[in-house]
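# Examination of the molecular architecture
Chain by chain, the residues run as shown.
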Amino acid sequence: GGGAESPCSDTTTSSVSVGDRGSPRAAAAAAANVEAALVGMVQAQVEYYFSIENLCKDLYLRWRMDPNGFVQLAEIAGFNRMLALAPTPRQLLLAVQRSPLLEVKSPPSGSGAAALDDTAVLLESRIRPTDNPKRWVLPAAAAETAANAIGDDRVLSAAAPEPNSHGAGDATP
């Protein structure tokens, strides 16, 4: 019988595979996979935040809603799970834009939007659930109860209606 060669004796094959793993193309593909996974996890988490299951009990999120049910993206970015996942503002925006369960109002695209920094993306983008979002908005009395329940006096000032709260540019009746 002849002696079989060891599978480790072919150094050409192993050096090629090591070289492939270290190539810029492989590194870019791996980074894209990691980013896609992160965006998917962020999307699932934000969808949970705006799910019926969560909104039934999450008074904090509900009192952060404007009269149309929108919440500033910066608010979501500050939640503990978002801080743990650590998406960039643009990854967070991409995640919510991909979701069929969320409606997003973000700065208009074009040359001006490309120049927006991350802070502007967070402050100027707003999200809400697509399914009947206004039903989750707390009336002022409920917002006061929510403030007392979570011990946050800022809720009271945020929930207090301002005189002439409907500006001239507001199309809401």
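### Thoughts on the side chain of Glu-75
Relative to the helices and strands, Glu-75 is located in helix H5 (residues 73-77). Among the residues examined, Glu-75 registers a relative accessible area of 14% and is labelled buried. With residues near it in sequence (within four places) discarded, Glu-75 still touches Tyr-60 and Arg-64.

### With respect to the packing of aromatic side chains
Evaluation of the coordinates by the stated rule reveals three aromatic pairs. Geometrically, the ring pair formed by Tyr-60 and Trp-63 is edge-to-face, given 5.2 Å between the ring centres and 75° between the ring planes. Here Trp-63 and Tyr-60 lie together in helix H4 (residues 59-63), a separation of three residues that amounts to about one turn. Judged by its relative accessible area of 26%, Tyr-60 falls in the partly exposed class. Judged by its relative accessible area of 8%, Trp-63 falls in the buried class.

### Comments concerning the packing of helix H2 (residues 24-49) against helix H7 (residues 89-98)
Running from amino to carboxyl end, H2 crosses H7 at an angle of 60°, the nearest separation of the two axes being 8 Å. For the pair H2 and H7, the sense of crossing is right-handed. Contact residues: Glu-35, Leu-38, Val-39, Gly-40, Val-42, Gln-43 and Val-46 in H2; Gln-91, Leu-92, Leu-94, Ala-95, Val-96 and Arg-98 in H7. Here the residues of the contact of H2 with H7 are counted per class, giving eight nonpolar, three polar and two charged.

### As for the nonpolar core
Nonpolar side chains tend toward joint burial in soluble globular proteins. Among the nonpolar cores identified, the biggest contains 23 residues, and Val-46, Tyr-49, Phe-50, Leu-61, Ile-76, Leu-92 and Val-96 are the most heavily contacted of them. Of all the secondary structure elements, the ones that give two or more residues to this core are H2, H5, H7 and helix H9 (118-124). In terms of residue count, the dominant contributor to this core is H2 (five residues). Not counting residues within four places of it along the chain, the set of residues in contact with Leu-61 comprises Tyr-49, Phe-50, Asn-54, Leu-55, Val-71, Ile-76 and Phe-79.

The rules behind each value
- Residues numbered from 1 in each chain as written.
- Predicted model: local features only at pLDDT ≥ 70, side-chain atom pairs only at ≥ 80, totals over all residues.
- Heavy atoms only, no water.
- Helix = DSSP H or I, 4+ residues; strand = E, 2+ residues; numbered from the N terminus.
- Buried < 20%, exposed > 50% of the residue type's maximum accessible area, 1.4 Å probe, protein only.
- Contact = heavy atoms within 4.5 Å.
- Phe/Tyr/Trp six-rings, centres within 6.5 Å; stacked < 30°, edge-to-face > 60°.
- Axes fitted to C-alpha atoms, helices over the stretch in contact; angles between N-to-C directions.
- Left-handed = near helix turned anticlockwise from the far one by under 90°.
- Nonpolar A, V, L, I, M, F, W, Y, C, P; charged D, E, K, R; others polar.
- Core = buried A, V, L, I, M, F, W, Y, C linked by side-chain atoms within 4.5 Å.

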